[in-house]
Amino acid sequence: MKKVGILKSQSVRSSEIAAKLLASSIFEPISESTNFSTLSNIVVIGGDGEMLRAIHYYHKYFLPFYGINAGSLGFLMNEFSSEDILSKLDSAVKIMLNPLEIDADLISGEHFKQIAFNEISLHRNSNQAAKIKITVNNKIQMAELVADGLIVATPAGSSAYNLSAGGRIVPLDSNVLCLTPVCTFRPRRWHGAILPNDSEIVLEILENE
């Protein structure tokens, strides 16, 4: 029988839950020496931030993640019950997360690509507000947004920075992206948009000097 790997945050509550699970030989803590081919699942104990960090570091092993809430909001997590935890793992509804890919050209000439499972955020780097042209699927949707920045969030990231900036929480299984401005100056009444998750969003920095 394959084992279940355990990852936990540093909170007292997380440690208490982990201790209860590790009392069973089915569970083992994940470490640098872990052989991921022997695991059937990864259980993450903590809050949404801990889950997103775990997905970022361990998604390459193609294992399902199951969250146990020991934080506050716990949008990505489940309530803990030590009774029949293995059957809960087996019966859990699986949701596929689609990460974002950022493809960036810097004014220095540098170019980089990266993926994100929660959000990609763009911020001003001076005392002036940023001016950003927004193009979606080769169509200009906003010629000039004046704001402190802009967030593109997946459903998994919609309850984090996106929510704090005034964006909407969307269901994990919704195939959408949240496009949310940070501290908008103009247009004042624009609070963001919901886009299909296969959208190509181009953000062009105006007056970058």
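Residues numbered from 1 in each chain as written. Predicted model: local features only at pLDDT ≥ 70, side-chain atom pairs only at ≥ 80, totals over all residues. Heavy atoms only, no water.

Enquirer: Before we move on, could you go through the overall build of the protein and cite the residues and values that matter?
Expert: In terms of helices and strands, the protein carries four helices and 12 strands. Principal-axis analysis of the C-alpha atoms places the extent of the protein at approximately 60 × 35 × 30 Å. Buried residues in the protein amount to 39% of all 209 residues. Partitioning the contacts of the protein with sequence separation of at least 6, the portion at a separation of at least 24 is 55%. With the model as given, the accessible surface of the protein reaches about 12500 Å², and the carbon-plus-sulfur share is 51%. Each charge sign in the protein was given a centre, from 18 positive and 22 negative side chains, and these centres are 4 Å apart. (Helix = DSSP H or I, 4+ residues; strand = E, 2+ residues; numbered from the N terminus. Buried < 20%, exposed > 50% of the residue type's maximum accessible area, 1.4 Å probe, protein only. Contact = heavy atoms within 4.5 Å. Areas by Shrake-Rupley, 256 points an atom, 1.4 Å probe, with all protein chains shown as cover. Lys, Arg positive; Asp, Glu negative; His and termini not counted. Charge placed at Lys NZ, Arg CZ, Asp CG, Glu CD.)

Enquirer: Hey, could you go over a nonpolar patch on the surface for me, with residue numbers and the actual values?
Expert: Together, Leu 73, Leu 163 and Ile 169 make up a nonpolar patch on the protein surface, roughly 250 Å² of accessible area in all. By secondary structure assignment, the location of Leu 73 is in the loop between β4 (65–69) and α3 (85–91). (Patch = residues over 30% accessible without salt bridge, like charges linked within 9 Å, V, L, I, M, F, W, Y side chains within 5 Å. Salt bridge = Lys/Arg side-chain N within 4 Å of Asp/Glu carboxyl O.)

Enquirer: Can you lay out the side chain of Ser 158 for me, pointing to particular residues and giving the numbers?
Expert: Note on placement: Ser 158 falls in the loop between β9 (139–153) and α4 (161–164). From its side chain, Ser 158 meets the backbone nitrogen of Val 170 in a polar contact 3.2 Å long. Ser 158 has contacts with Phe 75, Ala 153, Leu 163, Arg 168, Ile 169, Val 170 and Cys 178, leaving out every residue within four places of it along the chain. (Polar contact = N/O pair within 3.5 Å; in protein donor to acceptor, adjacent residues only side chain to side chain.)

Enquirer: Lay out the sheet that holds β4 with the relevant residues and their values.
Expert: Spatially, the four strands line up as an open sheet ordered β2-β1-β3-β4, and their pairing is parallel. At either margin of the open sheet sits one strand with a lone partner, and together these are β2 (27–29) and β4. Recorded for the sheet is a direction-independent mean angle of 30° between the axes of neighbouring strands. Examined bridge by bridge, strand β1 (residues 3–8) and strand β3 (residues 39–46) share six bridges and lie parallel to one another. (Pairing = 2+ DSSP bridges. Axes fitted to C-alpha atoms, helices over the stretch in contact; angles between N-to-C directions.)

Enquirer: Describe helix α1 (residues 12–22), and please don't skip the residues or the numbers.
Expert: Listed in full, the buried residues belonging to α1 are Ser 14, Ile 17, Ala 18 and Leu 21. For α1, the arc enclosing every buried residue in end-on projection is 100°, short of the 170-degree limit, so these residues lie on one face. Of the surrounding secondary structure, the elements contacted by the buried residues of α1 are β1, β2, β3, β4 and α3. (Arc of directions from axis to C-beta.)

Enquirer: So what's going on with helix α2 (residues 48–58)? Residues and values would help.
Expert: Those residues of α2 that sit buried are Asp 48, Glu 50, Met 51, Leu 52, Ala 54 and Ile 55. Against β1, β3 and β4 lie the buried residues of α2.

Enquirer: How would you explain the packing of aromatic side chains if you had to name every residue and give the values?
Expert: Scanning the entire structure with this criterion turns up three aromatic pairs. Taking the centre distance of 3.8 Å and the plane angle of 10° together, the rings of Phe 36 and Tyr 61 count as stacked. With Phe 36 in the loop between β2 and β3 and Tyr 61 in the loop between α2 and β4, the pair connects residues that are 25 residues apart, well separated along the chain. For Phe 36, a relative accessible area of 9% translates into the label buried. Grouped by ring-pair contacts, the aromatic residues Phe 36, Tyr 58 and Tyr 61 constitute a single cluster. (Phe/Tyr/Trp six-rings, centres within 6.5 Å; stacked < 30°, edge-to-face > 60°.)

Enquirer: Before we move on, could you go through the state of the cysteines and cite the residues and values that matter?
Expert: Applying the stated criterion across every chain, the model contains zero disulfides. Of the cysteine sulfurs around Cys 178, a residue in no disulfide, the closest is that of Cys 183, at 17 Å. Relative accessible area serves as the criterion here: at 1%, Cys 178 is assigned to the buried category. (Disulfide = S-S within 2.5 Å.)

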